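So the chains spell out like this:
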Amino acid sequence: MTRRYLFTSESVTEGHPDKICDQISDTILDALLTQDERSRVAAEVVVNTGLVLITGEITSSAQVNYVDLVRKKIAEIGYINANNGFCSNSCAVLVALDEQSPDIAQGVSTAQESREEMSEDELDAIGAGDQGLMFGFACNETPELMPLPISLAHRVSRRLAAVRKAGQLPYLGPDGKTQVTVAYEDGRPVGIDTILVSTQHAPAIDGITDEAAIQARIKEDLWTAVVEPVFSETEIKPDENTRFLVNPTGKFVIGGPQGDAGLTGRKIIVDTYGGYSRHGGGAFSGKDPTKVDRSAAYAARYVAKNIVAAGLADKCEVQLSYAIGVARPVSMMIETFGTGKVDEDRLLELVKQHFELRPAGILQAFNLRQLPKLRGGRFYQDVAAYGHFGRSDLELPWEQTDKADLLKEALIPKLSVSVG
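Along every chain, residues carry numbers that run from 1 in the direction the sequence is written. For this predicted model, a pLDDT threshold of at least 70 governs which residues receive local features, and a threshold of 80 or more governs which side-chain atom pairs are given and counted, while totals over whole chains, interfaces and linings are taken from all residues. Processing note: side-chain calculations cover all non-hydrogen atoms of the structure and skip hydrogens and water entirely.

**Describing the pattern of salt bridges**
Here, a salt bridge means any side-chain nitrogen of Lys or Arg that lies within 4 Å of a carboxyl oxygen of Asp or Glu. Applying the stated criterion across every chain yields a total of 27 salt bridges. A salt bridge links Lys267 to Asp18; the shortest N-O distance between them is 2.9 Å. With a gap of 249 residues between them, Lys267 in the loop between β9 (262-263) and α8 (268-271) and Asp18 in helix α1 (residues 17-35) connect regions that are remote in the sequence. For the pair Lys267 and Asp18, a shared accessibility class is recorded, and that class is buried. With its nearest N and O atoms 2.8 Å apart, the salt bridge here joins Arg217 to Asp221. Remark: Asp221 and Arg217 occur in helix α6 (residues 211-231); sequence separation between them is 4 residues, near one turn of the helix. Three exposure classes are used, based on accessible area relative to the maximum for each residue type with a 1.4 Å probe and protein chains only: buried under 20%, partly exposed in between, and exposed over 50%. Owing to a relative accessible area of 24%, Arg217 belongs among the partly exposed residues under this scheme. For Asp221, a relative accessible area of 15% gives the class buried. Segments assigned H or I by DSSP are reported as helices when at least four residues long, segments assigned E as strands when at least two residues long, and all are numbered from the N terminus.

**Re the packing of helix α9 (residues 292-309) against helix α11 (residues 359-366)**
In a pair of packed helices, the angle between the axes and the distance between the axes together describe the arrangement. Put simply, α9 and α11 touch, their axes get as near as 10 Å, and they point 65° apart. The angle between the axes of α9 and α11 places the two elements in the roughly perpendicular class. Both α9 and α11 take part in a crossing whose hand is left-handed. Of the residues in α11, those touching α9 at Val292, Ser295, Ala296, Tyr298, Ala299 and Tyr302 are Pro359, Ile362 and Phe366. Fitted lines through C-alpha atoms serve as axes, helices being fitted only where they are in contact, and the angles separating the N-to-C directions of these axes extend from 0 to 180 degrees. In this scheme, roughly parallel covers angles under 35 degrees and roughly antiparallel covers those over 145, while 65 to 115 is roughly perpendicular and the rest are oblique. The hand of a helix crossing depends on one turn: near helix anticlockwise from the far one by less than a right angle means left-handed, and clockwise means right-handed. Whether two residues touch is decided by their heavy atoms; if any such pair falls within 4.5 Å, the residues are in contact.

**Focus on a negative patch on the surface**
Here, patches come from residues exposed beyond 30% relative accessible area and free of salt bridges, joined within 9 Å for like charges and within 5 Å for nonpolar side chains (Val, Leu, Ile, Met, Phe, Trp, Tyr). With residues, only the protein chains shown are counted as cover, and all accessible areas are computed by Shrake-Rupley using a 1.4 Å probe. Charge counting follows a simple rule: Lys and Arg are positive, Asp and Glu are negative, and His as well as the terminal groups are ignored. Working definition for charges: the position is that of NZ of Lys, CZ of Arg, CG of Asp or CD of Glu. The grouping of Glu44, Glu57, Asp98 and Glu99 at the surface amounts to a negative patch. Within the secondary structure layout, Glu99 lies in the loop between β4 (92-98) and α3 (102-105). In this structure Glu99 comes out as exposed when scored by relative accessible area, which is 61%.

**As for α6**
Expected span, for any helix, means 1.5 Å times one less than how many residues it has. For α6, spanning 21 residues, the distance from its first C-alpha to its last is 28 Å, which sits close to the expected 30 Å at 1.5 Å a residue. To get the bend at a residue, fit one axis to the 7 residues ending there and another to the 7 starting there, then take the angle between the axes. At Trp223, α6 is deflected by roughly 40°, the largest bend along its length. Taken as a whole, α6 has its buried residues at Ile214, Gln215, Ile218, Asp221, Leu222, Ala225, Val226, Val227, Val230 and Phe231. Looking at the buried side of α6, the elements it contacts are α5 (148-165), β6 (172-185), β7 (188-201) and β8 (243-246). Regarding α6, its N-cap is Asp210, as a side-chain oxygen of that residue lies 3.3 Å from the backbone nitrogen of Ala212 further along. Any pair of nitrogen or oxygen atoms within 3.5 Å is treated as a polar contact; in protein, a donor-acceptor pairing is required on top of that, and neighbouring residues in sequence qualify only through side-chain atoms on both sides.

**Topic: the sheet that holds strand β1 (residues 4-12)**
With mixed pairing, the 4 strands of this open sheet are ordered in space as β1-β6-β7-β8. Each of the sheet's edge strands pairs with one partner strand only, and the pair in question is β1 and β8. Taken pair by pair, the neighbouring strands of this sheet meet at an average axis angle of 15°, ignoring direction. Looking at chain direction, β6 and β7 are connected through 11 bridges and run antiparallel. The residue bridging Ala183 from the neighbouring strand is Gly191, located in β7. Where α6 meets the sheet, it contacts β6, β7 and β8, and its direction lies at approximately 135° from that of β7. The pairing criterion is simple: DSSP has to find at least two bridges between the two strands.

**As for the UniProt feature "binding site: ATP" (unreviewed entry) in the protein chain**
UniProt positions are given in the numbering used here, feature names are shortened, and annotations may be inferred rather than shown by experiment. Residues given the UniProt feature "binding site: ATP" (unreviewed entry) here are His16, Asp175, Gly176, Lys177, Lys251, Phe252, Asp260, Arg266, Lys267, Ala283 and Lys287. In summary, the annotated positions, distributed over 272 residues, remain apart in three dimensions as well, the widest C-alpha pair reaching 35.9 Å. Structurally, the position occupied by Gly176 is in strand β6. Once residues lying within four places of it in the same chain are set aside, the contact partners of Gly176 are Val12, Thr13, His16, Ser198 and Thr199. With respect to the helices, strands and loops of the structure, Arg266 is situated in the loop between β9 and α8. Since its relative accessible area comes to 42%, Arg266 is described here as partly exposed. At 2.9 Å, the side chain of Arg266 forms a polar contact with the side chain of Asp18.

**Some remarks on the UniProt feature "domain: S-adenosylmethionine synthetase C-terminal" (unreviewed entry) in the protein chain**
Listed under "domain: S-adenosylmethionine synthetase C-terminal" (unreviewed entry) in the UniProt record, and renumbered for this structure, are residues 254-400. Helix makes up 36% of residues 254-400 and strand 10%, whereas the separation of the span's terminal C-alpha atoms amounts to 41 Å.

This is the structure:
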């Protein structure tokens, strides 16, 4: 019997209050690592009406102007109008930072981890910055090997921001959320059930002030300028049965930090797989890559993506866990949900053989401390909105599938040759 079900994932635009915080946190991280790649950073941000608060723990020799960084990032996102209660050049910016606890730092400071090439002994000497568990996931539902619902939700969010910034729909505000519900049959996506867009907008559009007329105009414009271009590039498209919901409450004029307070790290499902895979609970933004919440989650995605890219499974989830001060993972698990072409124990053996999963080794393999400087002072802030995974628009080291062929070759039985 065919099993049919619906699965939904959401995304948010870069102007969502929580995403503002994530981007500011990672802008600070980029600036610090650009000057001092050994910076230890745990930058947390809070936003509310007319207010930005930077807090957390930072240890660095870098000299940065936090207030200037904040104002530039807010302007880039699009908050440049004082009438909406949050503006780049008028909001208050408070800075309340401490240094990292030496009790935490000692577990990852036992060797010179900034060296480009480290010996096995040095890699083993640099432990994880904290305990925790991380998940990585990949599946073959999209070219970027991501679940289709979160991939579509992100595409709609990015397009929503693009038409606003380009002036195509100038009445849109920076704050917005999207949601896509995909219909599945026997584990494969077969249709689009619902598309939901909630977007901040001006109180009047081209002289139109009637609320019902405004919402009708927005719905028509979004279908033409956002939904149709996004789905023109997808195999599965909306049909006559697809519901299209826009601003279901009726209007969305007050938004951004004036409408809701924002916090760093509060959109961890948006950042990852849209709920399609499990999550270890740790957020990414504002954390330097010595913290396994971030680096090991990237490594787990890299492992899972290469397994799927190699054709060894249609879906793959990888769990890693760490203990503070200990280099090698405490545990590893691979789950292929019945889609694996080889035994999961054999996959685990191959992963242990061919993938570097010690914290210092991940830093070295992905060049995570040097990337902000190598990319002109911005790297982490660019993944702080629209997802950390499946980003074909960015060259991310954990999105490479350079080990897929190696995994396939390792599983090809060696032929015995008899000499006559």
